[in-house]
Amino acid sequence: EDRQRLLPQFRTMLNQSLHDTGLFESNQHLTIESIEEEIRLAEKKLQRDSFKKSLLAGEPSKTMLDLDVLTGIEFEHFLVKIFEKMGYQCEVTKASGDFGADLLISKVGVRTVVQAKRYNDKVSPKAVQEAVAAIRQYDANDAMVVTTNYFTKGANELADNNNVVLVDRDKIEEWLKQYQI
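Rules used in this analysis
Residues numbered from 1 in each chain as written. Predicted model: local features only at pLDDT ≥ 70, side-chain atom pairs only at ≥ 80, totals over all residues. Heavy atoms only, no water. Helix = DSSP H or I, 4+ residues; strand = E, 2+ residues; numbered from the N terminus. Expected span 1.5 Å × (residues − 1). Buried < 20%, exposed > 50% of the residue type's maximum accessible area, 1.4 Å probe, protein only. Arc of directions from axis to C-beta. Contact = heavy atoms within 4.5 Å. Polar contact = N/O pair within 3.5 Å; in protein donor to acceptor, adjacent residues only side chain to side chain. Phe/Tyr/Trp six-rings, centres within 6.5 Å; stacked < 30°, edge-to-face > 60°. Lys NZ or Arg CZ within 6 Å of the ring centre and 35° of its normal. Pairing = 2+ DSSP bridges. Axes fitted to C-alpha atoms, helices over the stretch in contact; angles between N-to-C directions.

> Teacher, can you tell me more about helix α6 (residues 125–137) here?
Residues spaced three or four apart along an α-helix face the same direction, because each turn holds 3.6 residues. Its 13 residues give α6 an end-to-end C-alpha distance of 19 Å, which sits within 8% of 18 Å, the value for a rise of 1.5 Å per residue. Taken as a whole, α6 has its buried residues at Ala127, Val128, Ala131, Ala134 and Ile135. For α6, the arc enclosing every buried residue in end-on projection is 120°, short of the 170-degree limit, so these residues lie on one face. Away from its buried face, by an angle of more than 90 degrees, α6 presents the exposed residues Lys126 and Arg136. In the core, the buried residues of α6 are packed alongside β3 (110–117), β4 (142–147), α7 (153–161) and β5 (164–167).

> Got a minute to help me understand the side chain of Arg169 in this structure?
By the secondary structure assignment, Arg169 is in helix α8 (residues 169–179). Within the local environment of Arg169, its side chain forms a polar contact with the side chain of Asp68, the two groups lying 2.7 Å apart. In this structure Arg169 touches Met64, Asp68, Thr147, Thr148, Asn149 and Tyr150, once residues within four positions along its chain are discounted.

> Would you explain the packing of aromatic side chains in this entry?
The relation between two aromatic rings is expressed through the spacing of the ring centres and the mutual angle of the planes. Counted under the stated rule, the structure contains 3 aromatic pairs. A ring pair is formed by Phe75 and Phe78, whose centres lie 6.3 Å apart and whose planes are at 15°; its orientation type is stacked. Of this pair, Phe75 and Phe78 both sit in helix α5 (residues 72–85), 3 residues apart, which is roughly one turn of the helix. For the pair Phe75 and Phe78, one class covers both residues: buried. Measuring from ring centre to ring centre gives 5.6 Å for Phe83 and Trp175, while their planes differ by 65°; the resulting arrangement is edge-to-face. Placement of Phe83 in helix α5 and of Trp175 in helix α8 is noted, with a sequence separation of 92 residues between them. What makes Phe83 buried here is its relative accessible area of 1%. In this structure, Lys107 is placed above the aromatic ring of Tyr88, and the distance from its NZ or CZ to the ring centre is 4.9 Å.

> Help me understand the sheet that holds strand β2 (residues 103–107), please; the structure alone is not making it clear to me.
Two modes of strand pairing occur in sheets, parallel and antiparallel, and in both the strands are linked by backbone hydrogen bonds. Taken in spatial order, the 5 strands make up an open sheet running β1-β2-β3-β4-β5, and their pairing is mixed. Looking at strand neighbours, the two that pair on one side only are β1 (89–92) and β5, the edges of this open sheet. Each adjacent strand pair in this sheet contributes to an overall mean axis angle of 25°, direction not counted.

> Where do I start with the pairing of β2 in this structure?
Side-chain positions along a regular strand alternate between the two faces of the sheet. In this sheet, β2 lies alongside β1 in antiparallel orientation, the contact comprising 4 bridges. Bridged to Gln89 within β2 is Ser106. In the sheet, β2 pairs with β3 via 5 bridges, with the strands oriented antiparallel. Bridged to Ser106 within β3 is Arg111. Counting the residues between successive antiparallel strands, the hairpin from β2 to β3 contains 2 residues, one of them, Val108, with a positive phi of roughly 50°.

Listed below in structure tokens is the structure:
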């Protein structure tokens, strides 16, 4: 609400500043839409930075909204923190060419591949297929797919048929409360 209220003032100040400095002529490609997008990106970066700072400081009470602003890699590192609180040993796989596993977690001799999906949309069966394929690649016992959203019906069916654990937004919210992340 504040951003919407202040946006016209920001536009006016920016246009005046561009005109006063003579930059307007050299920045004709600068549109209101591009300015608004830059503001949105800056807000998202501030939210992510604030979340990372509070996570590193060990401050409790994160919410799903905090997770919604993370990048995929940041979400993986958040999962490491929560799995470690659950007593797992964690390893992050390489960012690309990970063969369907973002994390490897182990507890009591059981090794599980974890596919992390920080998505705005529902997760499809493809993520489950990747996790199943990663079991053999990483010599694991189990597979899990974790998302900040929910799973499609097809993903749920495929997971049931392949004994893949699915962790959706609701379960992560439970974890946040239970483990005070």
